Amino acid sequence: MATMATEQRKGAMRNGDMSMVEMVSFAQMLQALDPKIARHLKLPNWFEEVCERKDQCEFDETERERFLCAYQTLIGNGTLGQLVKIHGEIHYQHGTERFLPWHRIFLIIIEQALMTVHPDVCIPYWNWENDHEVPSWLVGFTPTVPMPSPLSPITVTRSPGTTADLTTIVSNIPTVMGNGTFSPFTSSLEAVHGAVHVWVGGTMGFIATAPADPVFWMHHCNIDRLWWDWQQSHAGQNPNLSGTGAQSPVMDPWSYAEPQTRDITPLGYEYV
């Protein structure tokens, strides 16, 4: 299902307005085709209505290459640097009930950007409950990410801890998932999330630099997956947000409101 932002871009491009995107890709132009024309074209199965996020260990070589190609393109055109900068700013996205909904939107923003390069690329999740090492196909991928002025470029580094340490960290997940209300659930899940950041080390160890590492996005994709799993058996348990600052229901700097983050299907993806 197309997201609100995608539909707005399509409409703008059909009307000749390219100002909504800094760099228009050919994938975006295909998405913006008049449906009457699109019906008569035969194209590969790129533009799925629902993006299927799956375990990174299930990626084949082509999927890995296309993900890394798209990621490198976002580095080159400055998109990733802008997102890293946003994460380093204060949006009350840590230590509050905004943590899960804010990062859900953050994932969608980069996923949509990745899909402007390769429309069949969805963010995979790193299921550290089963895979107690940094994904092997990312070990040699340590790019340098240019940052908006006056920030310095970030070269990705890692210094992962032992398998035993990660096993200890993720052993908390059954307790986390056993929480019956949102507040203790999000707090305990965020604690595990933070411990994994520390375990990976290097760039992942700092709020201002972590999103430069592709491990960040796969880690947060897994956090989002766990939240979605928890939501299935805890209907009506949502963040208590009504106000400003740390209580704002708007996931700034974007216009998504917290109620829009409660169901992932309208947001255009699912976990498989």
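What comes next concerns the included structure. Keep in mind the model is a prediction, meaning the values are calculated, not measured.

1. Thoughts on unusual backbone geometry
Omega for the peptide link from Ser149 to Pro150 comes to 10 degrees, which places this bond in the cis form. Take Pro150: it is sitting in the loop between strand E2 (144–145) and strand E3 (154–155). The omega angle of the peptide bond from Asp252 to Pro253 is 10 degrees, so this bond is cis rather than trans. Position of Pro253 among the secondary structure elements: in the loop between helix H10 (214–232) and strand E4 (269–271). The backbone of Tyr92 sits at a positive phi, close to 55 degrees, despite the residue not being glycine. Mapped onto the elements, Tyr92 comes out in the loop between helix H5 (79–88) and helix H6 (99–115).

2. A closer look at the packing of aromatic side chains
Under the criterion given, the structure shown has 16 aromatic pairs. Ring geometry for Trp102 versus Phe106: centroids 4.9 Å apart, planes at 40 degrees, classification tilted. Highlighted residues: Trp102 and Phe106, both in helix H6, separated by four residues, approximately one helical turn. Centroid distance Phe106 to Trp217: 4.7 Å. Interplanar angle 45 degrees. Geometry classified as tilted. With Phe106 in helix H6 and Trp217 in helix H10, the pair connects residues that are 111 residues apart, well separated along the chain. Following the ring pairs from residue to residue traces out a cluster consisting of Phe59, Phe67, Tyr71, Trp137 and Phe141. Between the NZ or CZ atom of Arg53 and the centre of the ring of Tyr269, over which it lies, the distance is 3.6 Å.

3. Remarks on the pattern of salt bridges
On inspection of all chains with the given rule, the structure shows ten salt bridges. Of the charged contacts in the structure, one is a salt bridge between Asp213 and Arg158, with a shortest N-O distance of 2.8 Å. Here Asp213 is found in the loop between helix H9 (182–200) and H10, whereas its partner Arg158 is found in the loop between E3 and helix H7 (163–170), with 55 residues between them in sequence. Residue Asp213 is classed as buried on the basis of its relative accessible area, which comes to 0%. One continuous salt-bridge network, built from bridges that share partners, spans Arg53, Arg104, Glu111 and Asp224.

4. Thoughts on the state of the cysteines
Going through the model one piece at a time under the given rule, you end up with one disulfide. Each sulfur in the disulfide pair Cys51 and Cys122 lies 1.7 Å from the other. Across the disulfide from Cys51 to Cys122, rotation about the S-S bond amounts to roughly -135 degrees, and the bridge is consequently left-handed. Of this pair, Cys51 sits in strand E1 (residues 51–53) while Cys122 sits in the loop between H6 and E2; the two residues are 71 residues apart in sequence, bridging distant segments of the chain. Its sulfur unpaired, Cys221 is 8.9 Å from the next cysteine sulfur, which belongs to Cys51. Classification of Cys221 as buried rests on a relative accessible area of 0%.

5. Some thoughts on the packing of H6 against H10
Running from N to C, H6 and H10 point in directions that differ by 125 degrees, and their axes come no closer than 10 Å. Classified by the interaxial angle, the pair formed by H6 and H10 is oblique. The two elements H6 and H10 cross, and the hand of that crossing is left-handed. In this structure, H6 contributes Phe99, Leu100, Pro101, His103, Arg104, Phe106, Leu107 and Ile110 to the contact, and H10 contributes Phe216, Trp217, His220, Cys221, Ile223, Asp224, Trp227, Trp228 and Gln231. Counted by class, the contact of H6 with H10 contains twelve nonpolar, three polar and two charged residues.

6. Points about H5
Within H5, burial applies to Leu80, Gly81, Leu83, Val84, Ile86 and His87. For H5, the secondary structure elements touched by its buried residues are helix H4 (61–76), H6, E2, E3 and H10.

Rules of the game
Residues numbered from 1 in each chain as written. Predicted model: local features only at pLDDT ≥ 70, side-chain atom pairs only at ≥ 80, totals over all residues. Heavy atoms only, no water. Helix = DSSP H or I, 4+ residues; strand = E, 2+ residues; numbered from the N terminus. Phe/Tyr/Trp six-rings, centres within 6.5 Å; stacked < 30°, edge-to-face > 60°. Lys NZ or Arg CZ within 6 Å of the ring centre and 35° of its normal. Salt bridge = Lys/Arg side-chain N within 4 Å of Asp/Glu carboxyl O. Buried < 20%, exposed > 50% of the residue type's maximum accessible area, 1.4 Å probe, protein only. Disulfide = S-S within 2.5 Å. Axes fitted to C-alpha atoms, helices over the stretch in contact; angles between N-to-C directions. Parallel < 35°, antiparallel > 145°, perpendicular 65-115°, else oblique. Left-handed = near helix turned anticlockwise from the far one by under 90°. Contact = heavy atoms within 4.5 Å. Nonpolar A, V, L, I, M, F, W, Y, C, P; charged D, E, K, R; others polar.

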